Amino acid sequence: MLHFTRWKMIAILTVVVVGLLAALPNLFSKETVDSWPSWVPKRQMVLGLDLQGGAYLLYEVDRQDYVQKRLRSLVGDIRKAMLQEPRIGYSGLGVQGQGVQLRIRDLSQLDEVKKRLEPLRNQLATSALGGTAVNEFDLTVGNDGLVQMAYSTAGLDQRIRQIVDQSIEVIGRRIDQLGTVEPSIQRQGSDRILVEAPGLDDPERLKTLVGQTAQLTFHLVDTGVSPTADTRKPGTIVLNSTDTPPVPYVLEEAPLLTGEDLTDAQATFDSRTNEPVVSFRLSSAGARVFGDVTQKNVNRPFAIVLDDKVISAPVIREPILGGSGQISGNFSIQSANDLAILLRAGSLPAKLTIVEERNIGPGLGADSIRSGKIAAIIGTAAVCAFMVMTYGVLGWIANIAVIVNVILIFSIVTILGATLSLPGIAGVIITVGTAVDSNVLIYERIREEFRAGRSAIASIDAGFHKALGTILDANVTTLIAALVLFYMGSGPIRGFAVTHAIGVATTMFTAFTFTRLLVAMWVRWRRPTKISL
């Protein structure tokens, strides 16, 4: 156990040196590190929200807002289904509570009604065990002609889960384009999303970008009726513009295009007015639809709607066949850029409301780092003092191994780009305390072997050999617990689990290789005949 070939010694020392070089940039400021030569490692650890400050936002899916919008969409789908040939006469079509209802005039057509409306129930999922499918809506057709489509409890819960998953993806794309380092976006419960953006100096802009639904649609404007009229044609809606005071527009409810038809959006400047605008490019299918519509509706205005607000309503002067266009609306440079980010990232499937909001300043993070450093220094000093008092020279060797262990932890965290949080520092401190457990097991085994009559060198060799199995079992069980915390936990718990798991791995390396190498070098140098333990 105490014999090392030359290549093994070189490999172990190389790992230690590489770890030291990888962790070194964390001891200096970013400005100092940037001035180093290009061949020197410059990557630094990413500090979490609690260490460098930033924005903490907890969002919740607005169920009621989503349900009402979804039901309005369902009304349009039912209307289209009833107008198919042969047409089915009905009355009273509209939203009622958590569903839509209408009354069929000809009761002999109820079977046809069921057939047409069945696909609108929207099957969402099927049980893995082959059970009944989960439908978004329940369909009820009464013998008196009353037809109701209402949200099912299971269907709504399933849709909310899908909305949360989609929203996490969209929010991630938006924040990535904002340039925030290492954002954390996680599900909280069934309908909440936690967003943490460490180091962000403009939390209001983040809140605007993340929370805006950004549902872009294009609608033809109905100029044949006044927005203030008491009645208007079925299939039209009235929306206000973003102007002050707002201007109402009567629009065809069915959109010509949506944000999903966009392939790109960039903030640019209008060549005529030099004002900031958003230039967009449509997909090939969207370009064909847009070209056909503009050919048939020359001299008719169409509205560009963002989140139920008309931001622009230009008149179609000529067919637009190139599949590209501009959105103008009294933008500033930043607002035009933000709108382009929103359109590129895609719209949220539902409105999100802020449940909790915290802006953590860098001063609080600096205090946390200072407290963590003090705790680490005190803990490490206490452990090192105990090892020296208990095991003498071998205690000093164990202390060197603990220091190398900590260096390797920080180097691996740096290389992996993992976020170091305050609980992560706690994981490092606990690792310092538990890392010497392996040395204690080895040294106590050496003491037992020496007392049993073995020579000093034979006792040391037997101590490392016989403690190997116990150390391996103890660290593997600890590693399993850390992995469970990582996969089952979230936020701070994961931060603790990451550093603790890395600490377990580095502890096994230092106990089985580095500590043994140092002891072997000491034995070769001193040739001890007795051991003072």
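Preceding this section is the structure that the text describes.
Residues numbered from 1 in each chain as written. Predicted model: local features only at pLDDT ≥ 70, side-chain atom pairs only at ≥ 80, totals over all residues. Heavy atoms only, no water.

A. Here's a closer look at the overall build of the protein chain. Counting secondary structure elements, the protein chain contains 14 helices and 21 strands. In terms of C-alpha radius of gyration, the protein chain reaches 33 Å, well past the compact-globule figure of 24 Å for 533 residues. Counting only C-alpha atoms, the protein chain reaches 105 × 60 × 40 Å along its principal axes. The buried share of the protein chain, reckoned over its 533 residues, is 43%. Intrachain contacts of the protein chain at a sequence separation of at least 6 include 68% that bridge at least 24 residues. Element-wise, carbon and sulfur atoms account for 57% of the exposed surface of the protein chain, whose accessible area totals about 27200 Å². (Helix = DSSP H or I, 4+ residues; strand = E, 2+ residues; numbered from the N terminus. Rg over C-alpha atoms; globule rule 2.2 N^0.38 Å. Buried < 20%, exposed > 50% of the residue type's maximum accessible area, 1.4 Å probe, protein only. Contact = heavy atoms within 4.5 Å. Areas by Shrake-Rupley, 256 points an atom, 1.4 Å probe, with all protein chains shown as cover.)

B. How the structure looks around unusual backbone geometry. For the peptide bond that leads from E85 to P86, omega is -5 degrees, which places it in the cis range. Structurally, P86 is set in the loop between α4 (63-83) and β3 (90-96). Residues other than glycine seldom take positive phi values, yet N122 does so here, at roughly 65 degrees. Mapped onto the secondary structure, N122 falls in the loop between α5 (110-117) and β5 (123-125).

C. Molecular detail of a nonpolar patch on the surface. A cluster of nonpolar side chains, namely L472, V476, I480, L483, V484, Y487 and M488, defines an oily patch on the protein surface of about 710 Å² accessible area. Under the relative-accessibility criterion, V476 is labelled partly exposed at 35%. (Patch = residues over 30% accessible without salt bridge, like charges linked within 9 Å, V, L, I, M, F, W, Y side chains within 5 Å. Salt bridge = Lys/Arg side-chain N within 4 Å of Asp/Glu carboxyl O.)

D. Representation of the layout of surface pockets within the structure. In this model, the largest pocket occupies a volume close to 1600 Å³. Taken together, 48 residues line the largest pocket, and the ones lying closest to its centre are S73, Q215, T217, P255 and T258. Of the residues assigned to the lining of the largest pocket, the class counts are 18 nonpolar, 14 polar and 16 charged. Roughly 1100 Å³ of volume is contained in the second largest pocket. (1 Å grid on protein atoms, 1.4 Å probe; cavity = no way out; pocket = protein on both sides within 12 Å on 5 of 7 lines; lining within 4 Å. Points joined across faces, edges and corners; volume = space filled by probe spheres on them. Nonpolar A, V, L, I, M, F, W, Y, C, P; charged D, E, K, R; others polar.)

E. Geometry of the pattern of salt bridges. If you walk through the whole model with that rule in mind, you get 22 salt bridges. A salt bridge links R192 to E60; the nearest nitrogen and oxygen atoms lie 3.2 Å apart. One end of the pair, R192, is in strand β10 (residues 192-198); the other, E60, is in strand β2 (residues 54-61), and 132 residues separate them in sequence. Among the salt bridges present, the one from E85 reaches R87, with a minimum N-O distance of 3.8 Å. Each member of the pair, E85 as well as R87, is classed as exposed. Connected through salt bridges with shared partners, the residues R445, E448, E449, R454 and K466 form a single ionic network.

F. Seen up close, helix α9 (residues 333-345). Here α9 is 13 residues long and its end C-alpha atoms lie 18 Å apart, about the 18 Å a rise of 1.5 Å per residue gives. Among the residues of α9, those classed as buried are A336, D338, L339, A340, I341, L342, L343 and A345. (Expected span 1.5 Å × (residues − 1).)

G. Main features of the packing of aromatic side chains. Counted according to the given criterion, the structure contains 8 aromatic pairs. When the centroid spacing of 6.4 Å and the interplanar angle of 25 degrees are considered together, the rings of F218 and F302 count as stacked. Placement of F218 in strand β11 (residues 216-220) and of F302 in strand β17 (residues 302-306) is noted, with a sequence separation of 84 residues between them. Judged by centre distance (5.6 Å) and plane angle (75 degrees), the ring pair of F290 and F302 falls under edge-to-face. With a gap of 12 residues between them, F290 in helix α8 (residues 284-296) and F302 in strand β17 connect regions that are remote in the sequence. Site record: aromatic cluster; members linked through ring pairs are F218, F280, F290 and F302. The lysine or arginine in question, R358, covers the ring of Y56, its NZ or CZ lying 4.0 Å from the ring centre. (Phe/Tyr/Trp six-rings, centres within 6.5 Å; stacked < 30°, edge-to-face > 60°. Lys NZ or Arg CZ within 6 Å of the ring centre and 35° of its normal.)

H. Representation of the sheet that holds strand β19 (residues 324-327) within the structure. In space, the 3 strands of this open sheet follow the order β15-β16-β19, with antiparallel pairing throughout. One side of each edge strand has no neighbouring strand; the edge strands of this open sheet are β15 (262-269) and β19. Between one strand and the next, the sheet's axes are offset by a mean angle of 25 degrees, whatever the strand orientation. Relative to β19, strand β16 (residues 276-282) runs antiparallel, the two sharing 4 bridges. Across the sheet, V278 pairs through a bridge with I327, a residue of β19. Lying on the sheet, α9 is in contact with β15, β16 and β19; it crosses β15 at an angle near 175 degrees. (Pairing = 2+ DSSP bridges. Axes fitted to C-alpha atoms, helices over the stretch in contact; angles between N-to-C directions.)

I. Local environment of the pairing of strand β18 (residues 309-312). Judged from the 3 bridges that link them, β17 and β18 form a sheet pairing that is antiparallel. The partner of I304 across the bridge, within β18, is S312. What sits between the antiparallel neighbours β17 and β18 is a turn of 2 residues, in which D307 has the positive phi angle 50 degrees.

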